[in-house]
Number of protein chains: 2
Amino acid sequence: MNVGILGGGQLGRMLALAGHALGIRTLVLENSAECPAVNVTDVLVGAFENRGDLERIAAASTVVTYEFENVPIEAARYLAQRVSVCPPPQALECAQDRLIEKTTFQSLGIPTPQFADVDSIDGLREAVARIGLPAVLKTRRLGYDGKGQRVLRAPGDVDVAWAALRRAHDLGRVCAFDREVAIIAVRSRDGSHAFYPLVETRQEGGILHTAIAPEPRWSQALQTNAETYAMRLLDHLDYVGVLALELFEHNGGLLGNEFAPRVHNSGHWTIEGAETSQFENHLRAILGLPLGSTAAIGHVGMVNLIGTLPPISAILAIPHARVHLYGKRERSGRKLGHVTVRAENGAELIVRLDRVIAVVKEAERAAEIAD
Amino acid sequence: MNVGILGGGQLGRMLALAGHALGIRTLVLENSAECPAVNVTDVLVGAFENRGDLERIAAASTVVTYEFENVPIEAARYLAQRVSVCPPPQALECAQDRLIEKTTFQSLGIPTPQFADVDSIDGLREAVARIGLPAVLKTRRLGYDGKGQRVLRAPGDVDVAWAALRRAHDLGRVCAFDREVAIIAVRSRDGSHAFYPLVETRQEGGILHTAIAPEPRWSQALQTNAETYAMRLLDHLDYVGVLALELFEHNGGLLGNEFAPRVHNSGHWTIEGAETSQFENHLRAILGLPLGSTAAIGHVGMVNLIGTLPPISAILAIPHARVHLYGKRERSGRKLGHVTVRAENGAELIVRLDRVIAVVKEAERAAEIAD
């Protein structure tokens, strides 16, 4: 079983690592040999735009998948003529454009926050007046990890946000919410599917910082609600693989924010915290193997290591903490690794998670002082 | 952090995989590029007897370790003059000779089964008459996985066993026991140490077939007894790393059988079944990092895949089964992979484990018929 992976970042790396146990050979296509995947699997240094490179990975693979949603759609379609591509290119296409994504949500009966298609400063002012603050202005395409987005908290933020994003943005989307949760779904080639427990995600500066699973206010009703929405997306897209649906909880209900047609940062907790990790289940799904149990094992928290790494020994000294480093150099805003901590109950988890966060924050402060 | 590993079999492979998460670069020295480690880390194809190869791995490593105990002692000592070698060469030396090993156990107050130093057929007959049957005749050096040993059940087995082993054997050891358990211990550079819960191991044809942790008749008294014995070994050998102590339970007490100065098959269950795997804790220990929790997560069973592989989809269809393949070709008696299954209680575990064993046995029977 050979799996081609477009992209050799940390998600490609963790897919490759999950593949080793199952005897799956992976080959990553990435434009740099310095990528996180390089020490854990074979890397073909090349470009998604180069048909020769695409043909090489197609020829070497039973199935091709991707680790990020900004793979050029042309590359995905070109590959799909030669080899099985999972998730299907239409899922990529839908996820790449926030307006298409939102329209799809609405067509499937997945409520979304109020949003507006904004293409001028006047349009933005009018949308803010109608929808209210706080609000988020995002580019329509190619935004990720807080890049290509601005939070508007006060009327004075409008001009600043517009000035920062106008060159790149197509759509301004404006919303308000209480908190964020995500559901990781997986669907196999034969249509069998499974869902992980809802995870609460906490962002800082637009980047996921902490995830808690099952989410602390978990209820069967909310879980079923989220699963219903995710299932509609899976069916609509004829989806195969792992899909992450990010949701806002707003007044006790769920609103669709965005989805990622891939393994996702909000599912990293599944490596230690679920019976089967999202990475393994993604590989099982795209290869048509039986899916593994998505049950959580106790209560799990995950903290991203962003921009700077704490001393690894300080993290490992925290009982039950597990570290995942991605082999990247430190750089502001960059995801360098993550820490997972597990506990038998929610109260114990919070204590352990707070210790992890304290060590991570201390390293972040030290790095700021050093700058 | 760079770790050199002597040997690139499945243990080297799983050490390398555990290292990736911690940002540890591993380099394996192995005599074939076809080894299980080859797809998961860098492999230096060379020989333990070649000083140039040893110098290369020493130069590339912060610390050198090994994945099997039959590394030539000269190689370990040569390396130790150049780089930190863990576990220390004296642990290798002790484990390589069954007579020295047994004598060490006795000197540390670790009881052993009755044994005899046998170097002739007459000596073997006399020892069998004195000690009784069933009994095991083993070579003094270089035996593993049932190789270099014969079980004697009836007086007629004596001549056959002697004929099979006489060229290679130095010591005949003869014992009787009720069942086998093992304790995985880990000791760090600063002397801190930890023990995993006792695991019951079941052999077939001298090869580990099934392991259950915590062992089904687990008691704190037995655990403490095993930890006491393991601690004496760790201290005596000034040990750093993971050590597996295999024990016979006999009339409710424990007898030392043998120890392995390395990660061990009876600890594979720790990947999914313990807070920190034996592989990660071995790396933490030899690098002087804080040890991780050795607590079991529920109840765990492990089944080796020996000689032939069942269809992977048949294994993955068993709820909660996790597969680890080593990338080896099928061959009689060869360890090709293992399956782990976890449950919240012992009764549930037995049900799940029986399903795994049934699938594995069916594949073994099918392979026998095909032969």
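Residues numbered from 1 in each chain as written. Chains lettered and ligands numbered in written order. Predicted model: local features only at pLDDT ≥ 70, side-chain atom pairs only at ≥ 80, totals over all residues. Heavy atoms only, no water.

**A word on the interface of chain A and chain B**
Facing 31 residues of chain A, the contacting portion of chain B comprises 31 residues. For the chain A and chain B pair, buried surface summed over both sides reaches about 2800 Å², with 53% attributable to carbon and sulfur atoms. Our count for the chain A to chain B interface comes out at 4 salt bridges. Viewed at the interface, chain B and chain A are joined by 16 residue pairs in polar contact (both at pLDDT 80 or more). Considering every element that reaches the side of chain A that touches chain B, the biggest residue donor is strand E15 (residues 321-325) of chain A, with 5 residues. (Contact = heavy atoms within 4.5 Å. Buried area = accessible area lost by both parts, 1.4 Å probe. Salt bridge = Lys/Arg side-chain N within 4 Å of Asp/Glu carboxyl O. Polar contact = N/O pair within 3.5 Å; in protein donor to acceptor, adjacent residues only side chain to side chain. Helix = DSSP H or I, 4+ residues; strand = E, 2+ residues; numbered from the N terminus.)

**Some remarks on the relation of the copies chain A and chain B**
With an RMSD of 0.0 Å, chain A superimposes on chain B once it is rotated by 180° and translated 0.0 Å along the axis. Given the turn and translation reported, the copies of this chain are related as if by a two-fold rotation axis. For chain A, the minimum C-alpha distance to the rotation axis belongs to Val40(A) and amounts to 2.6 Å. Residue by residue, 100% of the interface of chain A is reproduced at the interface of chain B, so both copies engage with the same surface. (Least-squares fit on C-alpha atoms with pLDDT ≥ 70 in both.)

**Digging into the domain arrangement of chain A**
The domain boundaries assigned to chain A delineate domain 1 (2-85), domain 2 (114-173) and domain 3 (179-370). For domain 2 of chain A and domain 3 of chain A, the distance between their C-alpha centroids amounts to 27 Å. (Domains from an automatic or database assignment.)

**Some thoughts on the pattern of salt bridges**
Summed over all chains, the structure comprises 44 salt bridges over all chains. Measuring nitrogen to oxygen at the nearest pair gives 3.1 Å for the salt bridge that ties Asp42(A) to Arg25(A). Highlighted residues: Asp42(A) in strand E3 (residues 42-45) and Arg25(A) in strand E2 (residues 25-30), separated in sequence by 17 residues. On the basis of relative accessibility, which here comes to 38%, the residue Asp42(A) falls in the partly exposed class. The salt bridge involving Glu348(B) is made with Arg352(B); its shortest N-O contact spans 3.5 Å. Of this pair, Glu348(B) and Arg352(B) both sit in helix H12 (residues 346-370), 4 residues apart, which is roughly one turn of that helix. (Buried < 20%, exposed > 50% of the residue type's maximum accessible area, 1.4 Å probe, protein only.)

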